Amino acid sequence: LFITGYSQGGHASMAVHRELEANYSDIMPVTAASHMSGPYSVSEKMIEFTLGDSEYFFVAYLANVAISMKTAYPELMANHDVEDIFKPGYLEDIIEFRNEDIDLWELNERLIARLEAEYGASIPKNMIQDSILTRILANDDHPVPTALRLNDVYDWTPQAPTRILYCEGDDQVYYINSILAEETMNANGAPDVTAIGLDPNMPLDHGGCVSPAASNTVVWWFGFRSLSNTVDVSSEKISISPNPTSDVIQINTLEELKLVQVFDKYGRLVLRQSKPDKVINISDLPVGNYVLKLEGEFGVYTQMISKQ
């Protein structure tokens, strides 16, 4: 059982992971989890990111969260409708969204336009009632910050191997969410939790982080595969070169090959040769990472290969 999710899905996958390990570990043990670019600290780091003095261009998320909290916690939020949270000038558009007359991105465009017209910049805190903003920033026992805290998912202790992937250039979800989650989980005694930044050389925004996060996850998960009827084959008997390559893979072995298969990062079979030569042409495959699987008198041998 593997768990992953990206963005809001990263928050959801973290919550599912926590629930499974807390209450279902005997019947649904988690093999590994990779949580990607998620807002794990809703009440702290996401508030810091979205309600500071810097511009933020996904302001509709705040309205979406307010509406969601009202739905999820009707008793807690009984006296706090969107009319109590947002300033009057922004309510017409938010209520249209709540009524499903416009979608999230139309709402986002309208709210940004209104903020820029009124304040000269897309700074979300300017559309929130001052009294509510003060309580949210204080993170006190007011219903709104309380509801946000109920959705924090970083302060627990995963037992399964866990990766928390992020990009520092993320413009929607503050990457410090991932750093905080790693630090807190390791401080709690988690045996194998690592946060990994995927854009050390060139900042990637929220959309740009999707592909490297997903690829990193799938390649890592390949290491957990268990193949039936396999035997250990020493590097003295089989080696692969060059790797990475742009066209061909040379299989260096004195053993007879019976079958060669290549699987892509999604586990799909993309190349198969029975009674193959020891030179495998992968020039027609897209650039990326693959798993090479060899079968012969030696048993089964697998290795990760890269096409450049």
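Residues numbered from 1 in each chain as written. Predicted model: local features only at pLDDT ≥ 70, side-chain atom pairs only at ≥ 80, totals over all residues. Heavy atoms only, no water.

Peer 1: What's the story with the state of the cysteines in this structure? I'm lost.
Peer 2: Each disulfide is one covalent bond, formed between the sulfur atoms of two cysteines. As enumerated under the stated definition, the model contains one disulfide in all. Cys167 shares a disulfide with Cys209; S-S distance 2.2 Å. The disulfide joining Cys167 to Cys209 has a torsion of about 85° about its S-S bond and is therefore right-handed. Residue Cys167 is located in the loop between β3 (162-166) and α9 (176-187), and its partner Cys209 is located in the loop between β4 (193-197) and α10 (210-222); the two are separated by 42 residues in the primary sequence. The exposure classification of Cys167 matches that of Cys209, with both residues buried. (Disulfide = S-S within 2.5 Å. Helix = DSSP H or I, 4+ residues; strand = E, 2+ residues; numbered from the N terminus. Buried < 20%, exposed > 50% of the residue type's maximum accessible area, 1.4 Å probe, protein only.)

Peer 1: It is not clear to me how unusual backbone geometry should be interpreted in this structure. Could you clarify?
Peer 2: Peptide bonds are trans in most cases, and residues, glycine excluded, mostly fall at negative phi. A cis amide bond links Ser241 with the next residue in sequence, Pro242, at an omega value of -15°. With an omega dihedral of 15°, the bond running from Asn243 to Pro244 counts as a cis peptide bond. With respect to the element layout, Pro244 can be found in the loop between β5 (238-241) and β6 (248-253). Positioned with a positive phi, Glu100 is a non-glycine residue whose angle comes to about 65°. Within the secondary structure, Glu100 is located in the loop between α5 (88-98) and α6 (104-119).

Peer 1: How should I be thinking about helix α1 (residues 8-23) in this particular structure?
Peer 2: Residues spaced three or four apart along an α-helix point in a common direction, a consequence of the helix completing one turn every 3.6 residues. For α1, which comprises 16 residues, the first-to-last C-alpha distance of 22 Å matches the rise-based estimate of 22 Å (1.5 Å per residue) to within 8%. For α1, the elements touching its buried residues are β1 (2-6), β2 (32-36), β3 and α9. (Expected span 1.5 Å × (residues − 1). Contact = heavy atoms within 4.5 Å.)

Peer 1: Where do I start with the pairing of β3 in this structure?
Peer 2: Regular strands have side chains that alternate between both faces of the sheet. Along β3, five of the five residues are buried, which leaves the element largely enclosed by surrounding structure. Here four bridges tie β2 to β3, and the two strands are oriented parallel to one another. Counted as the bridge partner of His35 is Ile164 from β3. On the question of chirality, the crossover connecting β3 to the parallel β4 by way of α9 is right-handed. (Pairing = 2+ DSSP bridges. Right-handed = clockwise from strand over helix to strand, strands pointing away.)

Peer 1: Help me understand the packing of aromatic side chains, please; the structure alone is not making it clear to me.
Peer 2: The geometry of two aromatic rings is summed up by the distance between their centres and the angle between their planes. Counting across every chain of the model gives 10 aromatic pairs. Seen from their ring centres, Phe2 and Phe224 are 6.0 Å apart, and the 75° between their planes marks the pair as edge-to-face. Taken together, the residues span a long stretch of sequence, with Phe2 in strand β1 and Phe224 in the loop between α10 and β5 at a distance of 222 residues. Here Phe2 falls in the partly exposed class, since its relative accessible area comes to 33%. Residue class for Phe224 comes out partly exposed when judged on its relative accessible area of 28%. Ring centres 5.9 Å apart and planes at 20° place the aromatic pair Phe58 and Tyr61 in the stacked group. (Phe/Tyr/Trp six-rings, centres within 6.5 Å; stacked < 30°, edge-to-face > 60°.)

Peer 1: Any chance you could explain the sheet that holds strand β10 (residues 288-296) here in plain terms?
Peer 2: Either a parallel or an antiparallel arrangement is found when strands of a sheet pair, and the pairing is made through backbone hydrogen bonds. Taken together, four strands build an open sheet; the order of strands is β8-β7-β10-β11 and the sheet is antiparallel. Since the sheet does not close on itself, it has two edges, and those belong to β8 (269-274) and β11 (299-307), each with one partner. Looking at each pair of strands side by side, their axes are set apart by 15° on average, direction ignored. Sheet topology places β10 next to β11; nine bridges connect them, and they run antiparallel. By the bridge assignment, Val291 is partnered in β11 with Met304. (Axes fitted to C-alpha atoms, helices over the stretch in contact; angles between N-to-C directions.)

So far we have only geometry, and geometry alone does not tell us how the molecule works.
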